[in-house]
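# Observations on the model geometry
Okay, here's what each chain looks like letter by letter:
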Amino acid sequence: MGALASNRKRGGDEYSNSLCFQSYKKPRISNNTFARISGYPEAKLPFPREVHAPVRNLKFGLSPSTPGSVKSYMGNLSRKLSNARRQAFDALRFFKREKEVISVEDDEEKEKEVVSDDFSVEEVEIIEKGKNNVEEEERHALQPSSSSVDSELNNGSLRVEHALVTLSLNREVSTVRDLEAYKKLLESAQRRTSKLEDLDFQIELNEKRIAGLQALRPEKKPEEKQEVIPREPFTPLTEEEIAEVSHAFSAKNWKKILVSHESSRIDIRGEVLLCLKPATWLNDEVINLYLELLKERENREPKKFLKCHFFNTFFYKKLVSPESGYNYRAVKRWTSQRKLGYCLFDCDKIFVPIHKDIHWCLAVINKKDQKFQYLDSLKGRDPKVLNALAKYFVEEVRDKSGKEIDVSYWEREYVEDLPAQENGYDCGMFMLKYIDFYSRGLSLCFEQEHMPYFRLRTAKEILRLRAD
């Protein structure tokens, strides 16, 4: 009874067939039991119940309970990326060969070949660098790192972006669309080149036009240095000299011969000298005597004055008379070597007073500058005077020296930049001062305001028979 009770107590134990008990004691399974269990259908996991709480959304649909699956997935992703890069670089090599077949125009073939060669060198270097990067990344993929999942994914995305940038920077002309775009760019460049050539031609043409217009403009003469006005032609008269002239102008000396010039046989009476008073016209005797005094001044100081010849007021009337016109024979003996003591052709300037009824002018045979000059204080012109003097000079040289001289290229100058009279009676005084300043080698640096002084000075010089 006791044995039966103990067996019943063990057999009736409600925990004898529990899982906890089986985990500590391996059950003995017979072949019949295994066959019976294998016939049962496989147990299915229950559907996951929806969680109504904040949940972390993982990338690529991975669950946190499968860390091994993450590493395998990243390994597959790196392999796919490596395969994509390898295929892309193989495509670049294929496209490079096709670009070498592209033909351009003959005049740009050499430049294109040089450019294509440079691009090929760069492409080879980039491809080699890309292959090395791919191999390094494959080695890193085979050796999974212990970093976190987020860092692996970020690094992978950065490498993909770097690969895409590399492909975009080294993309060749591969498709038909790219080839058409390249041709359009080339055509536009050629059109711009033609336009630039047209612009260059227009610029060159305009420069030539400007140069032609500038050549037509009169050249500006360089500004001459302001001449220092000498004091000698404007030396003030002393009180004694002024008193001497005033006494000569007095009425008691009208019929009296004040001075006589022996070589020219000119006598000056008081009434003749009165022409040097203000507002009166100059007469022949005063003009001719003053010209004789200028020649004597030159002989006294030949280095200070130009070598000149001064014709008197009757010369041009004899050379060109109203009745017979031009007549060289009428004045042929006026300039003989015996009478003058020098050859007229050796003079620098030859002065010829011209009297036109009531107006005095001056003509100059300027051998020094090879000009025939005409000076009129009223800015008048008379081509007949210059033509007559040119003809006379040629015949004079032929007659006195037996030489022929060509004056056809000599300039006929009507002097414009000269002092002009502002009244109707100072023309003779202007003419004498033109001669005086030219014989000194000076410019005509005087004005109308100097005429009263020049009248008194000329009267003083005639009374003393000496020109200063």
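These numbers come from a predicted model, not from an experiment.

## Focus on the overall build of the protein chain
- Secondary structure summary: the protein chain contains 15 helices and nine strands in total.
- In the protein chain, which comprises 468 residues, the proportion classed as buried is 32%.
- Long-range pairs, those at least 24 residues apart, make up 65% of the contacts in the protein chain with a sequence separation of at least 6.
- Looking at the protein chain as shown, the accessible area adds up to about 33000 Å², and 54% of this sits on carbon and sulfur atoms.

## Overview of helix α10 (residues 284–300)
- For α10, which comprises 17 residues, the first-to-last C-alpha distance of 25 Å matches the rise-based estimate of 24 Å (1.5 Å per residue) to within 8%.
- Residues of α10 that are buried: V286, I287, N288, L289, Y290, L291, L293, L294, K295, R297 and E298.
- Regarding α10, its N-cap is N283, as a side-chain oxygen of that residue lies 3.5 Å from the backbone nitrogen of E285 further along.

## Regarding the nonpolar core
- Within the largest apolar cluster, 51 residues are counted, with the highest numbers of intra-cluster contacts made by L273, L276, L375, F446 and I462.
- Per element, the largest residue contribution to this core is nine residues, and it comes from helix α14 (residues 427–440).
- Residues contacting I462, with those up to four places away along its chain left out, are V259, I268, L273, L276, V286, L289 and L293.

## Considering the packing of aromatic side chains
- With the rule as written, the count across this model stands at 19 aromatic pairs.
- Put simply, the rings of F234, F430, Y434, F437, F446, Y453 and F454 pair up and form one aromatic cluster.
- Geometry around Y438 places K349 over its ring, the cationic atom sitting 4.4 Å from the centre.
- The lysine or arginine in question, K433, covers the ring of F454, its NZ or CZ lying 4.6 Å from the ring centre.

Here is what the cut-offs are and how they apply
Residues numbered from 1 in each chain as written. Predicted model: local features only at pLDDT ≥ 70, side-chain atom pairs only at ≥ 80, totals over all residues. Heavy atoms only, no water. Helix = DSSP H or I, 4+ residues; strand = E, 2+ residues; numbered from the N terminus. Buried < 20%, exposed > 50% of the residue type's maximum accessible area, 1.4 Å probe, protein only. Contact = heavy atoms within 4.5 Å. Areas by Shrake-Rupley, 256 points an atom, 1.4 Å probe, with all protein chains shown as cover. Expected span 1.5 Å × (residues − 1). Polar contact = N/O pair within 3.5 Å; in protein donor to acceptor, adjacent residues only side chain to side chain. Core = buried A, V, L, I, M, F, W, Y, C linked by side-chain atoms within 4.5 Å. Phe/Tyr/Trp six-rings, centres within 6.5 Å; stacked < 30°, edge-to-face > 60°. Lys NZ or Arg CZ within 6 Å of the ring centre and 35° of its normal.

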